[in-house]
Amino acid sequence: MISSRFFAPLALALGVALSPPAFPQSVEDDLAKAATLEAASDFGAVIDALAPHRDLARPEVDHALASAHLNRFLAGVGQDRDLPEALRLATRAAGKDHGPSLYLLSLMHDNGWGVARDPAKSRDFLERAAKAGDVTARADYAVMLYQGRPGLPRDVATACALFAEVLVKEDIGLVASYYLGLATARGECGLAPDMARALVLIRRAADAGITEAERDMGRALETGDGIDRNLDAALTWYGRAATKGDGFSLWRVGMAHLNGEGRVQDTVLAIDYLKRGVEAGSAEAMTSLAALLAAGDGVAQNFGMARSLYQRAASLGQPQAHRDLALLHLAGQGAP
C-alpha cells in the first residue's frame, strides 16, 4: 500500500503527506484485532498481527505482545523465546510507566515466570502499577493491604478506599465487592458491623463466581449468620467453590458425604473430597482424614500417615489436630 503511493502524482503524494498518518491507524486496527484474538486464546495469531509494529516501542503494543508471549507459554504451546521476549517487551513498556505492563512484571516476578521468583520485587511492580492507574493492580494491591503481608503492614483504611474506587468496574469490582463485604461484616472501613448488608456485597461476588465469596455464602447459610439457616443451599455454594479447588469447601462437602448431611452417605466419595482438600491445604481436611486413618474408618488404618497429617494441620493452628496428635503420643500410636 505504501509503495503504490510513491508512484502517485505529486499533488496526491503531498495530500497524503499532509493528512493524518495512516500507519498509526493501522496500529490501532491491529490492536483491536489482537484483542479479539486474545479473547479467543489464539496467542500465536496475536503475535503475528502485531509483529509489524514490534519495533515501534509503543507501550500498548509491547504489552499486548508480552501478554501473548506469556500466555502462549502458560498454555503449554510456547516457544523458547516466549518468556525472554515477554520480559523484554513488558520491561520496555514499564519504563514508560505503563500500568498494565508494570502489573504483568509483578505477576512474572511473583510466579517466577522467566525470572527468579521475587515477592519483594513483585510487590514493588504492583505498587508502581497501582500508582500508574492500572485498575487490576489497584484491586490486587488493595487485597494485599487488607490482608497484610511480610514487609507490608495491614492498612485497612487505604484498602477500603481502593476497594470503593474499583467497585464500579466490571470484573475487578466483583473482587472489591467481596472484600467490602468482609469489611462490612467485621465493622471496618468506618462502618458498624452489619452482616445482612455484608451478605449483599458477598452474594454479588458469589453470583459472579468469586470462589471465596461462594465459600463464605456457604458458611453464612450453614450458621444462619445474617441470613436464614439453610444447609442444602449452603452445600450448594460449598459445592461450587469446591469445584474450583477451595480447600475448606472440599472438606465441608466431604464431611457432608461422610455423615449423610443433605447428601447421600458415601465414604469413598467423602475420602476423595478430603484428599483433595488436603492437597488444597485445608487444615480441616487434614484433621478429618487423619482421624479416619487413625480409626481405620472407611480406609486402611495407618497411624503413621495419620500422625503426619495431624502434624501438618497442627502447624497451621488447627486445634483438634493438636488434641488428636497428643492422644496418639499418649497411646503410642504411630508416635513414641
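Residues numbered from 1 in each chain as written. Predicted model: local features only at pLDDT ≥ 70, side-chain atom pairs only at ≥ 80, totals over all residues. Heavy atoms only, no water.

Caption draft 1: Broad picture of helix H12 (residues 195–207). With 13 residues, H12 should cover 18 Å at 1.5 Å per step; its first-to-last C-alpha distance of 18 Å lies within 8% of that length. Taken as a whole, H12 has its buried residues at Ala198, Leu199, Leu201, Ile202, Ala205 and Ala206. Buried positions along H12 lie against helix H11 (170–186), helix H13 (211–223) and helix H14 (231–242). In this structure Asp194 caps H12, since a side-chain oxygen of it lies 3.4 Å from the backbone nitrogen of Ala196. Downstream of H12 by a residue or two, Gly209 has a phi angle that is positive, lying close to 95°. (Helix = DSSP H or I, 4+ residues; strand = E, 2+ residues; numbered from the N terminus. Expected span 1.5 Å × (residues − 1). Buried < 20%, exposed > 50% of the residue type's maximum accessible area, 1.4 Å probe, protein only. Contact = heavy atoms within 4.5 Å. Polar contact = N/O pair within 3.5 Å; in protein donor to acceptor, adjacent residues only side chain to side chain.)

Caption draft 2: Spotlight on the layout of surface pockets. As a volume, the largest pocket reaches approximately 270 Å³. Taken together, Glu38, His63, Ser67, Leu70, Asn71, Leu74, Pro100, Tyr103, Leu104, Leu107, Trp113 and Asp134 form the lining of the largest pocket. Looking at the lining of the largest pocket, the elements with two or more residues in it are helix H5 (59–74) and helix H7 (99–111). Estimates place the volume of the second largest pocket at around 210 Å³. In terms of lining residues, the second largest pocket is bounded by 13 residues, among which Asp110, Pro119, Ser122, Leu126 and Met144 are the most central. Looking at the lining of the second largest pocket, the elements with two or more residues in it are H7, helix H8 (119–131) and helix H9 (135–147). Within the lining of the second largest pocket, the residues separate by chemical class into six nonpolar, two polar and five charged. (1 Å grid on protein atoms, 1.4 Å probe; cavity = no way out; pocket = protein on both sides within 12 Å on 5 of 7 lines; lining within 4 Å. Points joined across faces, edges and corners; volume = space filled by probe spheres on them. Nonpolar A, V, L, I, M, F, W, Y, C, P; charged D, E, K, R; others polar.)

Such coordinate-based values are descriptive only and should not be taken to indicate function.
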